[in-house]
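Structural characterization, general
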Amino acid sequence: MGRSSILFALAVSVALGSTASAGTLDDVKMRGSILCGVSGGLAGFAQPDDKGNWTGIDVDFCRAVAAAIFNDPTKVKFLPLTAKDRFTALQSREIDLLSRNTTWTSSRDSQLGFNFAGVIYYDAQGFMVRKSAKVSSALELSNTTVCTQSGTTTQLNLADYFRSNNMKYEAVVFNTADEVIKAYESGRCDVFTTDVSQIYAERLKLSKPDDHMILPELISKEPLGPLVRHGDDQWFDVVKWVLFAMINAEEYDINQKTLDQRLKSERPDVKRLLGIEGNYGEQLGLTNDWVVRIIRHVGNYGEIFDRNVGENSRLKIDRGLNKLWNKGGIQYAPPVR
Amino acid sequence: MTDLPVRREKTRVNWIFHPRVRSVFIQLLLVALVLLVAWFIYRTTSRNIAAQRIPIGFDFFWIESGFSISQALIPFSESNTYARAFLVGLLNTLFVSALGVVFATIIGFLVGIGRLSNNWMISRLCGTYVEVIRNLPLLFQILFWYLAVLAALPVPRQSISLAGDVFINNRGIMMPKPLFGEGIGIVALVLAAGLLLSLIVAVTSRRYRIRTGRRITLWPVYLLLIVPVPLAAFAYLGVSFDIDRPVLKGFNFNGGVRVIPEFLALLIALSTYTAGFIAEIVRAGVLAVPKGQSEAASALGLRRSPLLRLVVVPQALRVIIPPLTSQYLNLIKNSSLAVSIGYPDLVSVFAGTTLNNTGQAIEILGITMLVYLVISLIVSFGMNLYNRRIALKER
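**Some thoughts on helix α3 (residues 57-70) of chain A**
All names here are of chain A. For α3, with 14 residues, the first-to-last C-alpha span of 20 Å sits near the 20 Å given by 1.5 Å per residue. Burial of α3 is extensive: 13 of the 14 residues sit out of reach of the surface. Within two residues after α3, Asn71 carries a phi angle of roughly 60°, on the positive side.

Below is the structure:
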C-alpha cells in the first residue's frame with residue numbers, strides 16, 4: 001500500500017495546493033532554494049555518491065539553475081522520484097523543476113500539462129541481451145521475455161516495435177529501475193530494454209557487465225530534457241534559457257578554464273552572453289552575470305556531458321547526436337540577444 | 001403528579017439550552033463544515049487543474065492503451081483500450097485475492113488447530129510458523145519468494161520436468177492446456193444442473209432427517225449426477241478433445257498454460273502471511289469455548305467427531321468470523337504490494353501505467369480507491385451475512 005498512499009498524498013496535494021502563489025521564480029527566491037525532482041539512482045544522470053553528494057548530468061542542470069538564480073549551486077534540494085511518481089510530483093507542486101531523464105512527447109506537453117525546456121540529451125531506446133543468447137539483431141527476439149520499467153515511453157515503444165514486426169513477447173513491468181535490472185540479472189527476462197544511455201549505466205550494476213551486449217537496433221527517438229508545469233511562463237523561460245546558455249557557452253568556447261579570459265573577449269556575441277553588454281539576464285528576472293555564474297559554478301554543456309556520461313566518466317558514452325550542430329551533432333541553442 | 005415538575009422545568013429553561021435544539025444545531029454545524037471542506041477541495045482542485053490546463057474527465061478510458069500485460073485472464077493486446085486494461089488489472093487483483101483467501105484459510109485453520117494439538121512436535125512446529133511468519137514484514141516475504149526462491153529456478157532450457165508435460169523454470173510453471181471443441185458449453189450446463197440437483201436432494205434429505213430422525217444414504221446419487229451423467233453427455237455430443245502442450249521454442253515455452261512467477265510469489269506470500277494471523281484467530285476461537293461444553297457433550301455420549309462438529313465448532317466460529325473478516329480485507333488490500341515484483345494487479349496496471357500515460361491522477365486514484373472500497377464492502381457484507389447466520393440466536 002505504501003506506494004499508493006504516496007500517490008494519494010500527492011493527489012490530495014494537487015487538490016489542496018494553494019492557488020494564491022505568485023510566480024515560481026518568486027517562490028524559489030523567497031524559499032532560498034530550488035526543489036528539483038531527479039532520478040533515484042541512475043549513474044551519469046542522478047546518483048548520490050559514497051559521501052551523499054548527488055552527481056550526474058540531470059543534477060548538474062539543477063545546480064546550473066540554482067547558480068543562475070542564487071550564485072550558489074548548492075541551493076538545490078533534490079527529490080529522488082520513480083518514473084511513475086515523477087509527473088504527479090510536478091503537477092502537485094512538490095517540485096519546481098523535473099530533471100529526470102524524461103522523454104519529451106506531445107502528450108506530456110499537452111495532456112499532462114507540462115512544458116519541456118529543451119533537450120539535454122538526445123537518446124534512443126535499445127535492447128541488452130546476454131552474449132550467451134547468441135543474438136545479433138533485435139529482429140531475432142521473437143518469443144522472448146522483456147523486462148522494463150512502468151510509466152515510461154520505453155514500455156510503449158517496446159509494444160510498438162514487437163507489434164510492428166509481428167514478434168511475440170512477454171513484458172514484465174517493474175516499478176523502479178533497480179527492480180528491472182535485478183529481474184534481468186536473475187534470468188526472469190531474456191531482454192533488458194530502456195534508453196541506451198541508461199542501459200550503459202545499468203549494465204555497470206551487473207556482476208559481469210562484459211557478459212551482456214547492446215543490440216545495434218535503436219527503436220525510438222528519446223529526447224530527454226528538463227520540464228516545468230504549465231501556467232508559469234517566466235519560470236519556463238528561466239529554465240529554458242539556462243539550458244540554452246550552457247549550450248551557447250560551449251559553442252563560444254566558454255568553459256570553467258577559459259571563463260576569465262573570455263570575459264575580456266571583444267566578440268559581441270560573447271559579451272552579450274556573459275552580460276557585459278545588454279541586460280538580457282535582467283529581462284529573464286535574473287542578474288546580468290547569470291551565465292558567468294553558471295559557468296563558474298557548474299560549467300558549460302560539454303563539460304557537464306563529459307564529466308557525467310562522456311569521456312571523463314565511467315560510462316564513456318560517445319557524444320554522437322549530442323555534439324554541437326557545428327561539430328556534426330544536433331545540439332543547437334537560439335542566441336542570447 | 002409526575003408531569004408537573006417537568007413542565008415547570010421546561011418553561012424555565014431557555015430554548016438555547018434545550019438538549020434537542022442543541023444536538024440538532026451541532027449536527028447542522030458539522031454537516032455545514034463537511035460541505036464547506038468538500039466545496040473548498042472541489043474549488044481549489046478545479047482551479048489548479050484549469051491553471052495547468054490538464055483536461056479532466058473519463059474520456060481516457062476509450063483510448064488505445066498501447067502497452068502489454070504479462071498476465072491477462074481475458075484476452076488483452078496493445079490495441080485494446082484503457083478500460084479493458086482496467087478490467088484486466090481488476091481481474092488479476094480479484095484472482096490473486098480470491099485464491100489467497102482460500103489458501104490462507106486452509107493453512108490458517110490447519111496451523112491454528114495444530115497449535116492446540118497434544119503432540120509436542122506438531123504444536124511447536126505450528127507455534128514457530130506463527131511467530132516467524134507473523135513477525136516478518138509482508139513486503140520482505142514477497143521479495144523473498146520472488147527473488148530468493150523462484151528466481152533461483154533453472155532457465156527455460158534446463159527446466160525441471162514434472163510428470164507429463166509440466167515444466168518448472170524461472171519463467172513460471174508451464175502446463176498442458178485442454179482444448180475442447182464445440183458442445184463443451186452443453187456439457188458444462190449438464191454438470192451445473194447435476195450440482196444443483198444434488199444440492200436440492202441434500203437439502204430435502206436434511207429436512208426429512210430432521211422431521212423423522214431417519215438417515216438415508218445418498219452419496220451414490222450425488223456421484224451419479226456429477227460424474228457419469230456429464231461424461232455421457234460428453235460422449236453423446238462427440239465433443240472433440242485435444243491437449244495443447246507447452247513446447248520449448250527458442251527463448252521460451254510456447255503453448256499450454258503458464259503460471260507466471262510474480263503471481264506465484266505473491267500468492268504464496270499472501271496466503272502464508274495471512275495464515276499466520278488466521279491461525280491465532282482459530283486458536284483463540286477454539287479456546288474460547290468453555291471446557292464444560294465438550295465435557296457435557298461427551299457426558300451425553302457424543303463421539304469426538306460429532307462433538308467437534310455440533311458443539312465446539314459452531315461456538316468457536318462465533319468468535320472466529322468477525323476477526324477473520326478483517327484478515328480477508330487485509331489480504332485483499334495487501335495484494336497491491338504486487339507492484340514491487342511486477343505482478344500486473346489493479347494498482348500496477350491502472351494506478352501505475354495508465355495513470356502515467358494519461359496523467360489523470362485524480363480520476364484514476366479516485367476510481368482505484370472506490371474499487372478497493374467496493375470489494376471490501378462486498379466481502380464484509382458477505383461475511384456479516386454468514387456471521388448473522390451462525391450467531392447465537394437469542395429468543
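**Focus: the nonpolar core**
All names here are of chain A. Counting residues in each nonpolar core, the largest one holds 104 residues, and the members touching the most others are Cys62, Val65, Val242, Ala245 and Ile294. Top element by residues in this core is helix α9 (residues 233-251). It accounts for 12 residues. Filtering out sequence-adjacent residues up to four positions away, Cys62 remains in contact with Ile34, Cys36, Val38, Val76, Phe78, Leu97 and Ser99.

**Things to note about the interface of chain A and chain B**
Taken together, the contact pairs 44 residues of chain A with 43 residues of chain B. Elements represented by at least two residues in the side of chain A that touches chain B include exactly α1 (2-16), α4 (86-91), β9 (144-149), α6 (153-164), β10 (169-174) and α7 (177-185) of chain A. No other element matches the 8 residues that α1(A) contributes to the side of chain A that touches chain B. Here the residues of the side of chain A that touches chain B are counted per class, giving 16 nonpolar, 19 polar and 9 charged.

**Notes on the packing of helix α4 (residues 120-134) of chain B against helix α9 (residues 261-287) of chain B**
The geometry of a pair of packed helices is captured by two quantities: the angle between their axes and the separation between those axes. Residue and element names in this part refer to chain B. At a minimum axis separation of 9 Å, α4 and α9 run at an interaxial angle of 125°. Viewed along their axes, α4 and α9 adopt a mutual orientation that is oblique. Two packed elements cross with a definite hand, and for α4 against α9 that hand is left-handed. Between α4 and α9, the contacting residues are Cys126, Tyr129, Val130, Ile133 and Arg134 on the first element and Thr272, Tyr273, Gly276, Phe277, Ala279 and Glu280 on the second.

**With respect to the sheet that holds strand β8 (residues 257-259) of chain B**
Residue and element names in this part refer to chain B. Strand order in the open sheet formed by 4 strands is β1-β2-β3-β8, and the pairing between neighbours is antiparallel. At either margin of the open sheet sits one strand with a lone partner, and together these are β1 (160-162) and β8. Each adjacent strand pair in this sheet contributes to an overall mean axis angle of 20°, direction not counted. Relative to strand β3 (residues 172-175), strand β2 (residues 166-169) runs antiparallel, the two sharing 3 bridges. Paired with Ile168 across the bridge in β3 is Ile173.

Conventions and cut-offs
- Residues numbered from 1 in each chain as written.
- Chains lettered and ligands numbered in written order.
- Predicted model: local features only at pLDDT ≥ 70, side-chain atom pairs only at ≥ 80, totals over all residues.
- Helix = DSSP H or I, 4+ residues; strand = E, 2+ residues; numbered from the N terminus.
- Expected span 1.5 Å × (residues − 1).
- Buried ≥ 20, exposed ≤ 12 C-beta atoms within 10 Å, placed from the backbone.
- Core = buried A, V, L, I, M, F, W, Y, C linked by C-beta atoms within 7 Å.
- Contact = placed C-beta atoms within 7 Å.
- Nonpolar A, V, L, I, M, F, W, Y, C, P; charged D, E, K, R; others polar.
- Axes fitted to C-alpha atoms, helices over the stretch in contact; angles between N-to-C directions.
- Parallel < 35°, antiparallel > 145°, perpendicular 65-115°, else oblique.
- Left-handed = near helix turned anticlockwise from the far one by under 90°.
- Pairing = 2+ DSSP bridges.

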